[in-house]
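# Structural description and commentary
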There are 2 protein chains.
Amino acid sequence: MFSKKSGVFLSVITSKDNPSVKLYMKLSSSKKERKNLSMYVLEGYRLITDAIKENSLVRQIFFTEDAYEKYSGSLSQVDLKEVKTLIISNELGIKISCTEKPQGVFAICSIPPEKNLKSSLKSDGRYVVLHQLQDPGNLGMIIRTADAVGIDGIILSQCCELYSPKVIRSTMGSAFRMNIFDGCDIDSVFSCFKEKGISSYAAVIDKDAEDLRTCSFNGGSAVLIGNEGNGLPVQVADKCTQKVTIKMTGHINSLNAAMAAGIIMWEMTNK
Amino acid sequence: MFSKKSGVFLSVITSKDNPSVKLYMKLSSSKKERKNLSMYVLEGYRLITDAIKENSLVRQIFFTEDAYEKYSGSLSQVDLKEVKTLIISNELGIKISCTEKPQGVFAICSIPPEKNLKSSLKSDGRYVVLHQLQDPGNLGMIIRTADAVGIDGIILSQCCELYSPKVIRSTMGSAFRMNIFDGCDIDSVFSCFKEKGISSYAAVIDKDAEDLRTCSFNGGSAVLIGNEGNGLPVQVADKCTQKVTIKMTGHINSLNAAMAAGIIMWEMTNK
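In this text the structure is predicted, and so the values were computed from the model without any measurement. (Residues numbered from 1 in each chain as written. Chains lettered and ligands numbered in written order. Predicted model: local features only at pLDDT ≥ 70, side-chain atom pairs only at ≥ 80, totals over all residues. Heavy atoms only, no water.)

### Quick look at the relation of the copies chain A and chain B
The second copy of the chain is related to the first by a rotation about an axis and a shift along the axis. The two copies are related by a screw motion: chain A maps onto chain B through a turn of 180° and a shift of 0.0 Å along the axis, at an RMSD of 0.0 Å. Here the symmetry operator amounts to a two-fold rotation axis. (Least-squares fit on C-alpha atoms with pLDDT ≥ 70 in both.)

In C-alpha cells:
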C-alpha cells in the first residue's frame, strides 16, 4: 500500500507484524522490555516535539496517514536526521494508541545513560529525593511541578518506573528538561549530600518536626518524600539533617504525596 | 446458599441479577443512573466507615463472605440501624469491584440534598470555586487538600461529576466532611460573594496579575480555578475582585490544575 504525501510516495504500514510496530507495542506494554532494550515510547505531537527540542534520543517516529498530513510539516523544521520516519495506517494508529482520542503520532526513544549524581550536584542547589514513591501519576506530577518552580534536580530511589508511558505523559515534557537521577541507592545519596554540604529534610507527619513555614532551607537543600501509604522509613528519615512537616489546620493531617511534595518545593524555592 | 457468620445464618447472594446487586452495578457504571436515582456507590472499608462517621446517607452495605468475617464486627459499633446489610459471594465481589485488589465491602448511598450557598457562606470564610474543571483525579485531590489545609467550602460550577466513583475514591473520605456546593451557577456565586463581602481571586497565568506571594487574602476570600486546558474564561476572570498568579522561576509557567489549587489554598490559609 502506498500513499502520496507532500509529493513523495511513502509506503504505509498496515500490519501489526511490522518489526518497528511490534517493537513499539512491546515497549508500550512491557516494563521488562523497556529495561532490557533501554528504550521507551512516546505518544502525542506535543510530547514528541518537546522530546526533540530537548535533545532526547528519539529513534523512530510513526505518523498515521492523517497525522502525517497534519503534523509532519512542522516537525521537518527540527533536526530529524537520525530519526527513522514511518507512516502507518489510521486503523493501525488506533490499535497501538493508549489514549481515547489518538493524535496518530508515536515515537520510540532510547533511555539516556544514567547521570553521575556526585559530579552533577551543586552545593547550593535545591533537590527533591523521592524514595519508594509508587504511583505513576504522582511521579509525573512532581516532575512537572519541580520543572515549574525551578528545582535543580530530582533523585529517584526505589520508585515506580520513570519511563512508563503514564509517568512520561503526566510530566507534560518536563521529564526531558529536568535533571533526573534514576535508580539511586539511598545511602550513596546521603554520602553525596554530605560531600557537597547539602542539607537533607525528611518530609514527615510529626508535630515535633520543624514547621515548613519557618524552615529556612539555607544553602544547598534536598527534601525527601516517601511512599504514598507509608511515608519515609524511619531509618531514612533519621539520617536526614532535619525533619520538616506541613502543619495543617483542617480536619485531616495528610496530603497526597505529590501535593505534599509540590507545597514543600514551592516553599523551598520561595526562600 | 447460606453462610453461618457470627452465629447467625445469612443468605449469600451469588447472582448478578439480585435487585440490590443490579442497582449497585448500574450506579457504579452510569452517570445517568446516578443522576436519575440520586444515589452513588462506595467501595472499600475505610471509605465506607468514613461515610458512616460523617453521617452520609448510606443505604445498603454489601460484604463478601470473607469481608463480613473481617470487617462486620468493627462496623456494628456504629449506627447501622437504617442500613440494609447484604452478604454476597466472594466471586460476585470480584465481579462488581472496580479495584484490582477488592476488599469486598461496597455501599449504596443517597446523594445529599443541595445546600443553599447564600445562607451557608461566612463573610470571613475561605472558599475555592472550581469552574469547568474536568479531571476526576484533580477534583478529588483538590477536595482532599482543601480538607487538610482548612478551607471552609468548595463551590463547583460546570465541573466533572462529584459523585463518580473515581472522584469520591480520590477524596479519601474528604468528600463526606467538606462543605461542597455542587452544580452552582457562576453568576449566582458572584452575587452571593458580593452580598457577603467576600473577595474573589481569579487564578490566572498572567505576569501582570498579583503575585501569590504578596497577595494578602484579607477577610472573606474565594479563589477561582478554571479548566485544565483552558483556565478560566476571560469573562469569569474579569468579574473577580482581583487576579492572582503563581510566579514560577523554572522552565515552564504552568502547573497541573490540582497542584495550582493546592499551592494557592496553602497560601490562602497561611495568611
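### Here we look at the side chain of Arg 177 of chain B
On the secondary structure map, Arg 177 of chain B appears in helix 9 (residues 174-177). Here Asp 147 of chain B takes part through its side chain, which lies 2.7 Å from a polar atom of the side chain of Arg 177 of chain B. With near-sequence residues (within four places) excluded, Arg 177 of chain B lies in contact with His 251 and Ile 252 of chain A together with Asp 50, Glu 54, Asp 147 and Met 172 of chain B. (Helix = DSSP H or I, 4+ residues; strand = E, 2+ residues; numbered from the N terminus. Polar contact = N/O pair within 3.5 Å; in protein donor to acceptor, adjacent residues only side chain to side chain. Contact = heavy atoms within 4.5 Å.)

### So, the pattern of salt bridges
All chains considered together, the criterion is met by 22 salt bridges over all chains. A salt bridge links Arg 177 of chain B to Asp 147 of chain B, with the shortest nitrogen-to-oxygen separation between them at 2.7 Å. Of this pair, Arg 177 of chain B sits in helix 9 while Asp 147 of chain B sits in helix 7 (residues 136-149), and the two are 30 residues apart along the sequence. Here Asp 147 of chain B falls in the buried class, since its relative accessible area comes to 0%. The structure contains a network of salt bridges with shared partners spanning Arg 46, Asp 50 and Lys 53 of chain A. (Salt bridge = Lys/Arg side-chain N within 4 Å of Asp/Glu carboxyl O. Buried < 20%, exposed > 50% of the residue type's maximum accessible area, 1.4 Å probe, protein only.)

### Details of the packing of aromatic side chains
All names here are of chain A. Counted under the stated rule, the structure contains 12 aromatic pairs over all chains. Arranged with centres 5.4 Å apart and planes meeting at 80°, the rings of Phe 63 and Tyr 68 form a pair that is edge-to-face. Relative accessible area serves as the criterion here: at 2%, Phe 63 is assigned to the buried category. Under the relative-accessibility criterion, Tyr 68 is labelled buried at 14%. Counting every residue linked through ring pairs, the aromatic cluster contains Tyr 24, Phe 62 and Phe 106. (Phe/Tyr/Trp six-rings, centres within 6.5 Å; stacked < 30°, edge-to-face > 60°.)

### A few points about the interface of chain A and chain B
The interface of chain A with chain B comprises 28 residues on the first partner and 28 residues on the second. Taking both partners together, chain A and chain B bury about 2,600 Å²; carbon and sulfur atoms supply 63% of that area. Summed over the three residues of chain A that lose the most area to chain B, namely Arg 144, Met 259 and Trp 266 of chain A, the buried surface amounts to 25% of that side. There are zero salt bridges connecting chain A and chain B. Counting the contacts that link chain A with chain B gives 15 residue pairs in polar contact (both at pLDDT 80 or more). Classifying every residue of the side of chain A that touches chain B by side-chain character gives 12 nonpolar, 10 polar and six charged. (Buried area = accessible area lost by both parts, 1.4 Å probe. Nonpolar A, V, L, I, M, F, W, Y, C, P; charged D, E, K, R; others polar.)

### Some details on the sheet that holds strand 7 (residues 126-131) of chain B
Residue and element names in this part refer to chain B. Read across the sheet, seven strands follow the order 9-8-7-12-10-13-11 without closing on themselves; strand pairing throughout is parallel. With partners counted over all chains shown, the strands left at the sheet margins are strand 9 (180-181) and strand 11 (210-211), one partner each. Here five bridges tie strand 7 to strand 8 (residues 153-157), and the two strands are oriented parallel to one another. Looking at strand 8, one finds that Tyr 127 is bridged to Gly 153. Those strands touched by helix 7 are strand 7, strand 8 and strand 9, and its axis lies near 160° from that of strand 8. Lying over the sheet, helix 12 (residues 257-268) contacts strand 7, strand 10 (199-203) and strand 12 (221-225), oriented at roughly 170° with respect to strand 12. (Pairing = 2+ DSSP bridges. Axes fitted to C-alpha atoms, helices over the stretch in contact; angles between N-to-C directions.)

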